[in-house]
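Coordinates in review
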Amino acid sequence: STVTVAMLARVMNVKLAQLLTRMRRVGLESEANYDYILSADYAALLAEEFGFNPVVDDEAAFDIYPPKPLDDLSTSPSRPPIVTIMGHVDHGKTTLLDTLRSASVAKGEAGGITQHIGAFSVPVASQTADSTGPRSITFLDTPGHAAFSAMRARGANVTDIIVLVVAADDGIMPQTKEVIDLLKRDDSQVDLVVAINKIDKPSADPDSVKKALMAEGIQLEDFGGDIPAVHVSGLTGKGLPELVETLSTVAEVRDLRAEQDGPVFGHVLESNVLKGLGSVATVLIRQGCLKIGSHIISGTAPGKVRRMTDPSGKPVQVALPGMAITVSGWKTLPKAGDEVLDGSESDIKKAIANRLRRGVAEALQEDVEAINEARKQERDARADGEDVVEPVPASGPKELRLVIKADVSGSCEALEGALQGIGNHIAISKIISTGVGDITESDILMAKAANATIVGFSVSAPRAMMSLAAQNEVPLTTGNVIYRLMDDVRSRIIDMLPKTI
Ligand code: GDP
């Protein structure tokens, strides 16, 4: 954990200049200014200099981490395979997914509504009671989506089987090659099934597609290898039962299992704010079982599971590994690709506070790096003999005054920590008031009087208030993501900087 010089001065209630002088005396760089970031140890040292008895908070390191996967899952329950469809543009991925999705909904009973929630589940028709194969298959329908790159970047392999779609009338194209390269590179356990699509077309030539795939090193079953290829038409639905059957067989061989006891671990596939439900996220459960009432955390979003529905919209009481369900009950909106974990209410509170603090420290660190870089450029320019305007105004930095409103006091504090002191020695943010609740007329009038900007976190700004703010030329910004609000404040600060440095 870290703190800026300005923050330290504020919490110790000493003058900034006094603290800076003391810092220099104890040998800190003479460059250090109020935006300088101190490590916990250094801050503690300085606090001692001023007669405080600082306690470095070891709890600051607390977090909730994903459970370690078990070495031996052989006695754990089976789970549905997770399948991703990939392939070249226009080879029919979307059509195939749509047809599979509507087939799954027709077989379900929830009024046939197809929702796009990032995943859907297709029942395996031929399953008998004593079979060990999966009873359903979970298809992810957001390839190329941000969630995928985020999960990939973290090395999270959520997919068990990739269906490579190749149009029978087009053959291997650049993105087909990309998928093949990806599969070759992938040291993970991803199985491949080829779907030779558009088989209904008169110009379809599946045999030459297969030969081309062999030439790329894809060992197809037809040629003595072990990779199945299925002829399908996403448009007519021909071959789709065979595709599902093939996926089920591959999954059965893989013997996919997951622990249902113990901690919950999952990934957010999609998230958005829905009327009447608030923040909602599609969560792919990887391990454990998520229940109504569980306390959960994803990134910096805490939640308590209020309602869960399966992809056809049916309410679910318990979500098991391999299932993708929409979860409502989030306090703020989680991000696609982020991990979902459960824990006790108090552990989650602590973890959120620490994650926010770390996020703020990192963002501040970025600010400081940018400022230091700007200063360096300025010095270099001066050394080059250029005529540089002295940027430090005699009267101290310009202020971006902020009025903060948040939904609950916890988020208000977090926002205060995040927004206070953004900027540099030329322009800096300053919080003049904080409060809990929706934005009201008195907030606007106060902001007008103080020439301030209103920042609202997870609060609503009724239309009447928006227009009142506009009439009074009071800038007003609201959101549910702390980093976005930080970005907003940062860009307002940048707007206040002279254009000529
Ligand atoms: P994507 O870019 O891979 O998602 O491809 P789309 O699903 O958007 O399909 C591209 C075009 O191919 C569309 O015009 C589809 O109607 C058409 N298409 C997709 N699947 C089939 C198929 O099985 N048969 C035929 N004849 N056309 C198809």
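For the structure itself, look to the data block above.
A brief look at the structure comes next. Throughout this document, residue positions are counted from 1 along each chain, in the order its sequence is written. It should be noted that, the model being predicted, local features are given only for residues of pLDDT at least 70 and side-chain atom pairs only at 80 or more, the latter also being counted only at that level, while totals for whole chains, interfaces and linings use all residues. As a rule here, side-chain values cover all heavy atoms of the structure and leave hydrogens and water aside.

This paragraph deals with the pattern of salt bridges. Salt bridge, as applied in this entry: a Lys or Arg side-chain nitrogen positioned within 4 Å of an Asp or Glu carboxyl oxygen. For the structure on display, the rule yields 16 salt bridges. Between arginine 254 and aspartate 160 there is a salt bridge; the shortest N-O distance is 3.8 Å. Of this pair, arginine 254 sits in helix H8 (residues 240-254) while aspartate 160 sits in the loop between helix H5 (146-153) and strand E6 (161-167); the two residues are 94 residues apart in sequence, bridging distant segments of the chain. Buried means the residue's accessible area, taken with a 1.4 Å probe over protein chains only, is under 20% of the maximum for its type, while exposed means over 50%, and partly exposed covers the values in between. Take arginine 254: its relative accessible area is 22%, and that puts it in the partly exposed class. Judged by its relative accessible area of 5%, aspartate 160 falls in the buried class. With a closest N to O distance of 2.6 Å, aspartate 488 and arginine 492 form a salt bridge. Under the DSSP-based scheme used, a helix requires at least four consecutive residues in state H or I and a strand at least two consecutive residues in state E, with every element numbered from the N terminus.

Further remarks concern the nonpolar core. Looking at soluble globular proteins, one finds that nonpolar side chains tend to be buried together. Residues belong to one nonpolar core when they are buried, are Ala, Val, Leu, Ile, Met, Phe, Trp, Tyr or Cys, and are joined through side-chain atoms within 4.5 Å. With 30 residues, the main nonpolar core has Ile297, Leu402, Leu415, Leu419, Val455, Ile482 and Val489 as its most contacted residues. Among the elements of the structure, helix H9 (345-383), strand E17 (398-406), helix H10 (409-419), strand E18 (427-436), strand E19 (453-457) and helix H13 (482-496) are those that each provide at least two residues to this core. Top element by residues in this core is H13. It accounts for six residues. Residues are treated as being in contact if the distance between any of their heavy atoms lies within 4.5 Å. The residues contacting leucine 419, other than those within four sequence positions of it, are Leu402, Ile404, Ser429, Ile431, Val455, Leu485, Met486 and Val489. Counting residues in hydrophobic clusters, the runner-up holds 24 residues, among them Leu97, Leu100, Ala195 and Leu256.

What follows deals with the side chain of lysine 405. Among the structural elements, lysine 405 can be located in strand E17. Judged by relative accessible area, lysine 405 falls into the buried class, the value being 7%. Nitrogen and oxygen atoms within 3.5 Å of one another constitute a polar contact, given that in protein one can donate a hydrogen and the other can accept it, and given that sequence-neighbouring residues count only through two side-chain atoms. Among the polar contacts listed, one links the side chain of lysine 405 to the side chain of aspartate 443, at a separation of 2.6 Å. Among all residues touching lysine 405, those that are not within four sequence positions of it are Leu415, Gly435, Val436, Gly437, Asp438, Ile439, Thr440, Asp443, Val455, Gly456, Phe457 and Val459.

Take histidine 91: it is sitting in the loop between strand E3 (82-87) and helix H4 (93-107). A polar contact of 3.2 Å, which involves the side chain of histidine 91, links it to the backbone nitrogen of alanine 167. Apart from the residues within four sequence positions on either side, histidine 91 is in contact with Val165, Val166, Ala167, Asp170, Gly171, Met173, Thr176, Asn197 and Lys198.

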